[in-house]
Amino acid sequence: MSAPIVVHGLSLTRGRTVTINDEIVGLVCNDHDLIELLRRAGVYDAEHCLDDPQWIEWRGGRAHEYESA
């Protein structure tokens, strides 16, 4: 089973799209944005699930990277 939260690859402009259960919930530009987005979506203790593969899958780029090199 895949993680319910997916942080997708870099967008063409900046940041990364986030989906929860295959529904787009926002665009984030850093870990702080991601934590706030998850908190607003009702994820309890969001800062502690960023590196938990049962919660979050990082696709199309390295975890915690939000800008192209």
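Bear in mind the structure is a predicted one, so any value in this text is a computation, not a measurement.

## So, the overall build of the protein chain
Here comes step 1: Within the protein chain, the secondary structure is distributed over one helix and four strands.
Here comes step 2: The linear arrangement of helices and strands in the protein chain, starting from the amino end, is β-β-β-α-β.
Here comes step 3: For the protein chain, the C-alpha radius of gyration of 11 Å lies close to 11 Å, the compact-globule estimate for 69 residues.
Here comes step 4: Each principal axis of the C-alpha distribution contributes one length, and for the protein chain these read about 30 × 25 × 20 Å.
Here comes step 5: Relative to its full complement of 69 residues, the protein chain shows a buried share of 32%.
Here comes step 6: Nonlocal contacts in the protein chain, meaning residues at least 24 apart in sequence, comprise 41% of its contacts between residues at least 6 apart.

## Section: helix H1 (residues 31–40)
Here comes step 1: Those residues of H1 that sit buried are Leu34, Ile35, Leu37 and Leu38. The buried residues of H1 all sit within an arc of 165 degrees when viewed along its axis, so they share a single face. Along H1, exposed side chains directed more than 90 degrees from the buried face belong to His32 and Arg40.
Here comes step 2: Looking at the packing, one finds that the buried side of H1 touches strand E1 (5–10), strand E2 (16–20), strand E3 (23–28) and strand E4 (56–58).
Here comes step 3: In this structure Asn30 caps H1, since a side-chain oxygen of it lies 3.1 Å from the backbone nitrogen of His32.

## Observations regarding unusual backbone geometry
Comment: phi is negative for the bulk of residues other than glycine, and the bulk of peptide bonds are trans.
Here comes step 1: One non-glycine residue, Asp45, lies in positive phi territory at about 60 degrees.
Here comes step 2: Note on placement: Asp45 falls in the loop between H1 and E4.
Here comes step 3: One non-glycine residue, His64, lies in the positive phi region at around 70 degrees.
Here comes step 4: Mapped onto the secondary structure, His64 falls in the segment after E4.
Here comes step 5: Its relative accessible area of 29% is what places His64 among the partly exposed residues.

Thresholds applied
Residues numbered from 1 in each chain as written. Predicted model: local features only at pLDDT ≥ 70, side-chain atom pairs only at ≥ 80, totals over all residues. Heavy atoms only, no water. Helix = DSSP H or I, 4+ residues; strand = E, 2+ residues; numbered from the N terminus. Rg over C-alpha atoms; globule rule 2.2 N^0.38 Å. Buried < 20%, exposed > 50% of the residue type's maximum accessible area, 1.4 Å probe, protein only. Contact = heavy atoms within 4.5 Å. Arc of directions from axis to C-beta. Polar contact = N/O pair within 3.5 Å; in protein donor to acceptor, adjacent residues only side chain to side chain.

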